[in-house]
Amino acid sequence: MLGVAFGIGVLLALAGGTAAHSCVAPHELVSKMLQRLEDSVKADELPNPSVLLAMNLARATGSNTHEWLLQRIKEEAVKTAQKDTTLGDVALYVLALLSSCQNPQHIQALGQTVDLLRVLQRKMDEEMASLEAEGIPKTTLYSVSLDTLGLCLAGAGGYQGASVVLAKKVLNPKSQLSVDTRAMAALALACAYGYTDLHDVRDLLQEALSTVTNDFLNEQEKGDGMIGNIYSMGLALQVLGATEKFYAPREWDCAQAFSVVYSHDYNLPMAIAQVLPALVGKSYLEAAGLDCAASASVSPRLQSSPSPKLDTTGVHRAAPITVHYSIINKLQGKHFTYTTSAQVPAGSTLLEVLRAAAAEKPDIFSFQTQQTSWGPMVVSIHGLAANPADKTYWQFLSGTNALQEGVGTYKPQNGEHIQAVFSTY
Ligand code: B12
């Protein structure tokens, strides 16, 4: 099945295609976002395939940074494909490489050639085995959606079963899927819809797509333009821009949704990488159909002065604030609850609060982070580690509200009470 020629994905009789709506972001904003993406590419960090994908969809392909990033992604793909462990984000590598007109079945770097679709297929097989045996994926439905999209856009087989499972999950109200997960599932289903001839499957995918898109439109109406939170807007907008026919004749007030995005100053490269395609009228559905020979139409804004440094001025001189911090485990092993108050300069991130608490009482508040595409993720506190195998993680709350940002981004206020609660997902 993997033998199905690469390139079918390019025959885009897909549900998607270029967005039919009239909203496109101002050139200035697109340039600013592209500049931030370029600045995020660092020689000593793992390359981020989502950044390459966004640059390609925005047709910003002319720079040295772009070339370098593509090369690094090929190298990383070759290195990880040879290891036994499955690469968690292999689907993102496939999308990024497809959008660079590379054949994912023949990725050449470091004097080797690897078949990334085989790796992706293997991951999908593991997910399906878990879904069949336990009703839940090995990782997450978001990840299964990405895998489905990657296989579908590459013109490989082996995703039809997953698309049926995803459609059923999306249609089941008990699933309570986040906007991000429903959006990624919708992109995958829109791709699968374009390739299936089976009437039953088409009807099911159509119903799922109609449900997700109409729910998004309802959420937007209720939330003054917001669908989920500001960080799920990128994927939600990609979906609504690319799947018009599934909510027709209903119309999308894209101006209202875009204005929500305009009102936020996105800094995180991952957040920019998910929202930028929508702002230039594109979606991940178009990753395999780009004309790589075409020259870039948008380039980052030329900097007349050196790139501004992160604004830390004043942070160190700022008056200290007090943040109350609790760590709670009522889930596994010996239960515990500890609370402390940490003093940090105003404007500090939550990560600095955690460091201050750990410095003060290392035997209680020690913690570990892992670098991810969204920044540092807290993976262990007080010796208790999150484990993807049993779907545990450290959830962060302010009072009773789950934070919408990670510890590296979120800045607590004076007197705020932050809780880290060992939870399952
Ligand atoms: C699945 C998911 C999770 C799962 C990851 C489990 C797993 N093993 O796969 C769990 C439930 C653990 C999780 C936790 C959190 N998440 Co989350 N998560 C997602 C989601 C839906 C998909 C990520 C994914 O699988 N990507 C695909 C894989 C292939 O790529 P990856 O780079 O390998 O993915 C890894 C990282 O994304 C990482 N991760 C997931 N969430 C977060 C959040 C932060 C802040 C960091 C640093 C890393 C991180 O876990 C993934 C697997 O290893 C995204 C939605 C989106 N739009 O991207 C939100 C998202 C990334 N999460 C978000 C948030 C806010 C959180 C939490 C901070 C929530 C909370 N209040 O506690 C916590 C992290 C706390 C901590 N310990 O540091 C936000 C981030 C926004 C931001 N500005 O940073 C997003 C965008 C959702 C949203 N719209 O609000 N998340």
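Residues numbered from 1 in each chain as written. Predicted model: local features only at pLDDT ≥ 70, side-chain atom pairs only at ≥ 80, totals over all residues.

Describing the nonpolar core
No. 1: Grouped together as the largest cluster of nonpolar side chains are 99 residues, with contacts concentrated most on Val-94, Leu-116, Leu-187 and Leu-189.
No. 2: Ranked by residues supplied to this core, first place goes to helix H8 (residues 179–195) with 13 residues.
No. 3: One finds Tyr-325, Ile-381, Trp-394 and Phe-422 within the second-largest nonpolar core, a separate group that totals 22 residues. (Core = buried A, V, L, I, M, F, W, Y, C linked by C-beta atoms within 7 Å. Buried ≥ 20, exposed ≤ 12 C-beta atoms within 10 Å, placed from the backbone. Helix = DSSP H or I, 4+ residues; strand = E, 2+ residues; numbered from the N terminus.)

Topic: the sheet that holds strand S5 (residues 367–372)
The strands making up a sheet associate through backbone hydrogen bonding, with each pair oriented either parallel or antiparallel.
No. 1: In space, the 3 strands of this open sheet follow the order S5-S6-S7, with antiparallel pairing throughout. Only two strands of the sheet have a single neighbouring strand rather than two, namely S5 and strand S7 (384–385).
No. 2: Where S5 and strand S6 (residues 375–381) come together, 6 bridges link them in antiparallel fashion. Bridge pairing in S6 places Thr-369 opposite Val-378. (Pairing = 2+ DSSP bridges.)

Here's the deal with the confidence of the model for the chain
Interpretation of this model should avoid reading the predicted coordinates in detail wherever pLDDT is low.
No. 1: Predicted confidence across the chain gives a mean pLDDT of 91, with 89% of residues reaching 70 or more.
No. 2: Taken together, the stretch residues 1–17 has pLDDT below 50 and engages in 42 contacts with residues farther than four places along the chain or on a different chain.
No. 3: The low-confidence segment residues 301–316, where pLDDT is below 50, has 8 contacts with residues more than four positions distant or belonging to other chains. (pLDDT = per-residue confidence, 0-100. Contact = placed C-beta atoms within 7 Å.)

Points about unusual backbone geometry
No. 1: The linkage connecting Ala-248 with the following residue, Pro-249, adopts the cis geometry, with an omega of 5°.
No. 2: As for its position among the elements, Pro-249 is in the loop between helix H10 (233–242) and helix H11 (254–262).
No. 3: Its identity as a non-glycine residue notwithstanding, Arg-59 has a phi of 60°, on the positive side.
No. 4: Secondary-structure assignment places Arg-59 in the loop between helix H2 (49–57) and helix H3 (64–82).
No. 5: Look at Arg-59 and you get partly exposed, because 19 C-beta atoms sit within 10 Å.
No. 6: Even without a glycine there, the phi angle at Lys-391 is positive, about 55°.
No. 7: Considering the arrangement of structural elements, one finds Lys-391 in the loop between S7 and strand S8 (392–398).

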